[in-house]
Structure formats: C-alpha cells, structure tokens
Amino acid sequence: KAYWKSILGIRNSESLRFSRELKRFKNIQSSLKPISFLQEIKLINIHKKSLKLLDTFIDNDLTYIKELLQNNQALADPLVAIAANYQPEATSFPEAGEIYNFIDLVIYLRSLGIVGPILYKEHPATRFFAVGHRSTRCGVARSVYYYSALKSMGVYFLVSGFDLSTTESVIPLTLNGSIAIERSLRGLPTIVTGSPWFQGMPGTFSLTNLIDSPTKFRLIKSEGVAYSASMFINDIMKFS
C-alpha cells in the first residue's frame, strides 16, 4: 500500500492541506520536500540489517548478563541500564537537551569514570518498519554502525522482555522517558539526563547523583518515594 501510494501520488487530505501551505512559502518548499520512495526503501534496508545485528548481540550477551545480574551485589557500583528512546522522535531531539544520542551518552558515562559494563534495552517500537502504511524512518537513527559502536564501548544488550519498569537489580537511565514516572510511582529510582515535564519528581536522579553517591541506588524500594511521586503528579495535574 505504501508503494502504490507513492507511485500513484495518492495523498490524503492532510497531505493536500500541507501542500497548499507549502505553496505560500516557495522559498522553503525544497527543504521540506518529502523523501522519495527509493530513499524509504534504503532506510528500511538499513533498519532491517541493524535489527539483525541487534538480535545477534542480544543472543550473544544473554549468558553474560544472566551471570552479571546474579553477582550484582558483588559489584562496586550498581549496574546501569539505558532505556533507549524511540528515534527519530521529538522526545529525544530536541526535548532531551544536550545529549540526545546514545553513543554520545555512553561516551559521556565513560568520561565520568564508569568503567564497568553498561546495559542497553532497545525501545520496542524500533521493531516496526512501518506504521499506517508509512515508513517509520528508524533507519536514520539505527544502523549496523550504531550498534557496533555501542558494543565496542562495553555495552551489553538486554532482551526485549526484560522489565526495566519493575526491576531492582539495575538502575535504568533514560533521556526523559515515561519509565521514570512508572518507577517513581513504585518507589524505585531512575536516572534522568534530560529536562522532561516531570523534572524534579521524587525518585528521579541526575548522573551527578549516581557518580557522587552510587551506594544510595542500592536502596530497596521506598513506599515514601512512591507516595511523594503520586502527590507530585497530582499537583501537576491540578495546576496544569
């Protein structure tokens, strides 16, 4: 369906309205020109190859991660697991702020002195090649090079079924994802690097907090944090 819509030039009412608006701004029309169908196919192929490599890494890392989680308490610092955002999406760029690419994020973590293994869980929507007969264009953000670069910096890949929202064995790190809200409402800590609308919510911490006081993240879940987080959300809903 995506193919025939592209070849026959079929447009929905939204596209037609958008085209009319573009005619009013001819000087920027070329920069907003939709990508071609061939470019869509190229992005899907890049996306497909990257997912194949991701699955290989997940399979190869399975045993190591299992042993790592079993011996977690013996580690000097708590395990950090990146909860990757779906990309491309506004929640990572521009809303995540200065660090919006996970390769840059891992480089930054290493620069802070984190030398141990870093876990990574891919966003489940990354598995989709198309939504509503339109390419997700995830190939612009995920590639063989992307996953290979992460692996070269000591990153290990979690299976898609690993539940970061409830686990107490690792500390999830997110740019500004809703996983931080889910965990705070359960009284569990999460590291947030961006500036989301829930910034300052009880249970969320910065990277600085992790580096300065890594032992605090080994605390068990706190009912007090869960209650404070729920009141925090209630106040936002009340006054927004």
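Whatever comes next refers back to the structure up there.
Residues numbered from 1 in each chain as written. Predicted model: local features only at pLDDT ≥ 70, side-chain atom pairs only at ≥ 80, totals over all residues. Heavy atoms only, no water.

Peer 1: When you look at the layout of surface pockets in this model, what are you seeing that I'm missing?
Peer 2: In this model, the second largest pocket occupies a volume close to 480 Å³. Lining the second largest pocket we find 25 residues, and of these A84, H123, G177, S178 and I179 sit closest to its centre. In terms of residues, the lining of the second largest pocket owes the most to one element, helix α6 (residues 179-184), which gives three residues. By residue class, the composition of the lining of the second largest pocket is ten nonpolar, nine polar and six charged. (1 Å grid on protein atoms, 1.4 Å probe; cavity = no way out; pocket = protein on both sides within 12 Å on 5 of 7 lines; lining within 4 Å. Points joined across faces, edges and corners; volume = space filled by probe spheres on them. Helix = DSSP H or I, 4+ residues; strand = E, 2+ residues; numbered from the N terminus. Nonpolar A, V, L, I, M, F, W, Y, C, P; charged D, E, K, R; others polar.)

Peer 1: Where do I start with helix α8 (residues 223-239) in this structure?
Peer 2: For α8, built from 17 residues, the straight-helix expectation of 24 Å at 1.5 Å per residue is met to within 8% by its first-to-last C-alpha distance of 25 Å. Turning to α8, its buried residues number three or more, namely A226, A229, F232 and I233. Buried positions in α8, seen along its axis, are confined to an arc of 120 degrees and lie on one side of it. Of the exposed residues in α8, those oriented more than 90 degrees away from the buried face are E223, Y227, K238 and F239. On its buried face, α8 sits against α6. Between the side-chain oxygen at the start of α8 and the backbone nitrogen of G224 there is a gap of 3.3 Å, and the oxygen is on S222. (Expected span 1.5 Å × (residues − 1). Buried < 20%, exposed > 50% of the residue type's maximum accessible area, 1.4 Å probe, protein only. Arc of directions from axis to C-beta. Contact = heavy atoms within 4.5 Å. Polar contact = N/O pair within 3.5 Å; in protein donor to acceptor, adjacent residues only side chain to side chain.)

Peer 1: Sorry if this is basic, but what is going on with the pattern of salt bridges here?
Peer 2: When the charged atoms of two side chains lie near each other, side chains of opposite charge can form a pair. Counting across every chain of the model gives four salt bridges. Across the salt bridge formed by K151 and D61, the nearest N and O atoms sit 2.8 Å from each other. Within this pair, whereas K151 is found in helix α5 (residues 144-152), its partner D61 is found in helix α3 (residues 37-70), the two being separated by 90 residues in sequence. With a relative accessible area of 23%, K151 lands in the partly exposed category. Note that R142 is salt-bridged to E122, the shortest N-O span being 2.7 Å. Of this pair, R142 sits in the loop between β4 (134-135) and α5 while E122 sits in the loop between β2 (118-121) and β3 (130-131); the two residues are 20 residues apart in sequence, bridging distant segments of the chain. Each member of the pair, R142 together with E122, is buried. (Salt bridge = Lys/Arg side-chain N within 4 Å of Asp/Glu carboxyl O.)

Everything listed here is a matter of coordinates, which is why it stays silent on function.
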